[in-house]
Amino acid sequence: MYTAQDEQRLYQQAKTLLSADSSNLEETIQQLREVINYADWKYYVQSEPVLADFEYDTLFKKLTHLEGQYPEHVSADSPTQRVAKGLSERFPTVSHLVPMLSLDNTYNADDLLDWDRKCKEFAGTENIEYCVEPKYDGASISLIYENGTLVRGATRGDGVMGEEITTNIRQIRSIPLSAAFAKSNVNQIEIRGEVVIHKDVFAEYNAQRAAEGLAPLANPRNAASGTLRILDPKEVSKRKLSAILYHISYYTSDGTPDMLHTHYDSLNWLYQLGFPTPVKEMKRFNNINDVINYCAEFEQHRDDLAYEVDGLVIKVNSFDMQDKMGMTSHHPRWAVAYKFKARQATSKLLRVEFQVGRTGSVTPVAKIEPVPIGGVTVSSISLFNEDVVREKDLHIGDTVLVERAGDVIPYIVKPLSELRNGTEEDIVFPTHCPICNEALEKPEEEAVWRCINISCPAQVVERIIHFASKDAMDIRNMGDANVRKFYELGLLKNIPGIYTINWEEVAKLGGFGSKSITNLQTAIDNSKQQPLNRVIYGLGIRHVGETMAKTLANAVDHIRDLYDYTEEMLLALEDVGPKVAATVMHFFHTPENRHMIDLLEQAGVNLTNQKKAAPASGELAGKTFLFTGTLSRFKRSDAEALVEEKGGSILGGVSSKLNYLVVGEDAGSKLEKAKKLGTVAILTEEEFMSLAGLNG
Ligand code: IVH
């Protein structure tokens, strides 16, 4: 953990490193590591990023570059070592220092009361303090640190032997590569925890897969454990795994450190050392009834957490008591899981319908007998593509096991083939589009069948819906139903048509009052000011998700600049591969699409990159500033914000890149250095104000 002072120092250090190198190589490398570790902690553990992405990347590249030049300075705990060097062939098997036991399960208050009674018996006392924390639904891992450095990461495996996945573990940014265990005289330590994928990261990843015509991963748990076993660590890194550590299973130390007497203190200690532990979620109770009440209450809010939880874990807080109670061959006696209600149910597969998406993909959708799962009635489940149907060996009439994990869309886990009675029927895939009857095609490398008629009404409607959707142009009140209705009535034919809807005709339809029309008009009008990345995303170019749309928007001043982008130019952009480059080129060279862009422009839709265009016109455009000494006219942070607002940027130190040094009272070494350099304009606060156009 960092003190407020550390944080200030490291933040300043980051800014300084961004503008100038120290002359001492070793010191620069050390400082870069320190700053990157700090930025990782803010970003991954605290969820409060302190550096802009490009600043972080700059520092990271700087460190990689220096370590490349001076390999003798590379150490195992350098942040660059998270980045994979090569491909491993397979994962070696390793034995755990202490067997990784499982947990006994409880499902209700009675089970917990029973467990409490047994605890009291084994502990030989009526006074037990319990610690309660979430049960994370991911993949369990073991981490070993020796003399402060992460030396091994492993999967649970069979509990005795696991797979050694250290390189992949290093890709998880919230796991420190080193920590100050030595301060507490701890030499070797094994920490256990769970690797999870945040629900929003999981959803984004699946959306990306869907855009590529791949079947989504079933749930975050499978995604996490699958990702840990990917052989290419670069791919692991891209998947943005998180970790939560909840147990110290072994350590060697000189004496027993103070923090290692209770579970609660031990997790707080780890947190202080920079580890992601559930300090915020962890609660202590002195009797089982309070635990039971807490469990019931927590279950109501299980979906509020960023990742999946499938229950709570209740642990005896005192380590001495834990030792006294011991364990069975399967689980410790001092801990138990309280499992939430299952989100699985069985139902009958009634029929399969085929839906045409905006890219023409034809998706099989299972219609099942409606069944409640976790408070929602499920009747319709996407089966994604033919391969999924074949792999799962699904048949019409099958009894199927359905799961709905939290916010995750429901999916069919498997058919219960043992319940078949011989009347089940094959699922037959259409050869022609169910909407426009065009023959379907299946590109060799893809799993989905497509309708290639770009005027297919189903596709047109879906494209309009996508353009208006929340993550694209965010036209509130438009909704799927209105788009479909307007389209069917001929009031809306294509995307630009949104901006020329004949409202008199709409008013004549039943169900639209003047208020709802005004609301819709306002929402449509407002959407004209959406930033360019939303427009690009809204156009629904294949393989261009939200992130890619931002990359494209940031690269240009106006959307038409993309007409001139060659394949090489596109490939030079971050994360753009040949597939994206090809579809982007194709999209912007298609005359119909260019015509659509013209129509959007005529309608007054913003097609410029305002972020990039705006600063160029500010009074301080392209100029670099640094403030030093005590300012009397404004707070330093306000002054810096003002510079950025007006198109300038702030540097962290005096260098040849600096244009202006603004000096307050008691300015020290920076002023001296600027004077020596002779290239920096030195301003008083008043001079700065007039430069920024604030006087008069
Ligand atoms: S403690 C020796 N705490 O649940 C006791 N386990 O179903 C070690 N799990 O194997 C386990 N959240 O992978 C513990 N807060 C938590 C947990 C947790 C999830 C996993 C763990 C365990 C499994 C048992």
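Here's what I pulled together on the structure shown here. Quantities reported herein were computed from a predicted structural model and do not represent experimental measurements.

The rules behind each value
- Residues numbered from 1 in each chain as written.
- Predicted model: local features only at pLDDT ≥ 70, side-chain atom pairs only at ≥ 80, totals over all residues.
- Heavy atoms only, no water.
- Pairing = 2+ DSSP bridges.
- Helix = DSSP H or I, 4+ residues; strand = E, 2+ residues; numbered from the N terminus.
- Axes fitted to C-alpha atoms, helices over the stretch in contact; angles between N-to-C directions.
- Contact = heavy atoms within 4.5 Å.
- Buried < 20%, exposed > 50% of the residue type's maximum accessible area, 1.4 Å probe, protein only.
- Arc of directions from axis to C-beta.
- Salt bridge = Lys/Arg side-chain N within 4 Å of Asp/Glu carboxyl O.
- Phe/Tyr/Trp six-rings, centres within 6.5 Å; stacked < 30°, edge-to-face > 60°.
- Parallel < 35°, antiparallel > 145°, perpendicular 65-115°, else oblique.
- Left-handed = near helix turned anticlockwise from the far one by under 90°.
- Nonpolar A, V, L, I, M, F, W, Y, C, P; charged D, E, K, R; others polar.
- Polar contact = N/O pair within 3.5 Å; in protein donor to acceptor, adjacent residues only side chain to side chain.
- Near = heavy atom within 4 Å.

Let's talk about the sheet that holds strand E2 (residues 104-106)
Pairing within the open sheet is mixed, and its 5 strands lie in the order E2-E11-E10-E3-E9. Strand pairing shows two members of the sheet lacking a second neighbour, E2 and strand E9 (283-285), which therefore form its edges. Taking each pair of neighbouring strands and ignoring which way they run, the sheet shows an average axis angle of 35°. Of the strand pairs in this sheet, strand E3 (residues 130-136) and strand E10 (residues 309-316) are connected by 7 bridges, and their pairing is antiparallel. Following the sheet pairing, Cys131 is matched in E10 by Lys315. Its contacts with the sheet place helix H9 (residues 263-272) against E3, E9 and E10, and it is angled at close to 55° to E3. Here helix H10 (residues 288-300) sits on the sheet and contacts E3, E9, E10 and strand E11 (335-339); the angle it forms with E10, its principal contact strand, is near 165°.

Quick notes on helix H7 (residues 220-228)
Taken together, the buried positions of H7 are Pro220, Ala223, Ala224, Thr227 and Leu228. The buried residues of H7 occupy an angular sector of 125° when the element is viewed end-on, so they sit on one face.

Regarding the pattern of salt bridges
Scanning the model with the defined rule gives 34 salt bridges in all. The closest approach of N and O atoms between Asp116 and Lys120, which form a salt bridge, is 2.9 Å. Residue Asp116 and its partner Lys120 are located together in helix H4 (residues 109-123), separated by 4 residues, close to a single helical turn. The exposure class assigned to Asp116 is buried, which follows from its relative accessible area of 6%. Among the charged side chains, a network of salt bridges with common partners joins Asp6, Arg9 and Glu34.

A look at the packing of aromatic side chains
Going through the model one piece at a time under the given rule, you end up with 21 aromatic pairs. For the pair Phe181 and Phe275, a centre-to-centre distance of 5.7 Å together with 35° between the ring planes defines the contact as tilted. Of this pair, Phe181 sits in the loop between helix H5 (166-169) and strand E7 (186-196) while Phe275 sits in the loop between H9 and E9, placing them 94 residues apart in sequence. One exposure class covers both Phe181 and Phe275, and it is buried. Where Phe627 meets Phe688, the ring centres are 5.2 Å apart and the plane angle is 90°; that geometry is what we call edge-to-face. Linking Phe627 in strand E19 (residues 624-628) with Phe688 in helix H25 (residues 685-691), this pair joins segments that are 61 residues apart in sequence. Judged by relative accessible area, Phe627 falls into the buried class, the value being 1%. One aromatic cluster in this structure is built from Phe285, Tyr294, Phe298, Tyr338 and Phe340.

Here's the deal with the packing of helix H1 (residues 4-19) against helix H2 (residues 25-45)
For the pair H1 and H2, interaxial distance at closest approach is 9 Å and the crossing angle is 120°. The pairing of H1 with H2 is recorded here as oblique in orientation. Like other packed secondary-structure pairs, H1 and H2 cross with a definite hand, here left-handed. The segment H1 lies against H2, with Glu7, Arg9, Leu10, Tyr11, Gln13, Ala14 and Leu17 engaging Thr28, Gln31, Leu32, Glu34, Val35, Tyr38, Trp41 and Lys42. Grouping the amino acids of the contact of H1 with H2 by side-chain chemistry returns 8 nonpolar, 3 polar and 4 charged.

Let's talk about the environment of Pro430
With respect to the helices and strands, the residue Pro430 is situated in the loop between strand E16 (411-415) and strand E17 (440-441). Taking C-alpha positions, Pro430 is 9.1 Å from Val362, a pair spaced 68 residues apart along the chain. Excluding residues that lie within four positions of it along the chain, Pro430 makes contacts with Phe354 and Leu440.

Overview of the side chain of Glu386
Looking at the element boundaries, Glu386 is found in helix H12 (residues 386-392). On the basis of relative accessible area, Glu386 is assigned to the buried category, the value being 16%. In terms of polar contacts, Glu386 uses its side chain to reach the side chain of Trp449, at 2.7 Å. Ignoring any residue separated from it by four or fewer positions in sequence, one finds Glu386 in contact with Phe429, Lys442, Ala447 and Trp449.

Quick look at the site of the ligand
By nearness alone, 14 residues border the ligand, and Glu133, Pro134, Tyr136, Glu194 and Lys315 come closest of all. The side chain of Lys135 places a nitrogen or oxygen atom 3.0 Å from an oxygen atom of the ligand. A distance of 3.0 Å separates an oxygen atom of the ligand from a polar atom in the side chain of Ser140. Mapped onto the shell around the ligand, the elements with two or more residues apiece are E3, strand E8 (242-253) and E10. If one sorts the elements of the shell around the ligand by residue count, E3 sits on top with 4 residues. Of the residues in the shell around the ligand, the class split is 7 nonpolar, 3 polar and 4 charged.

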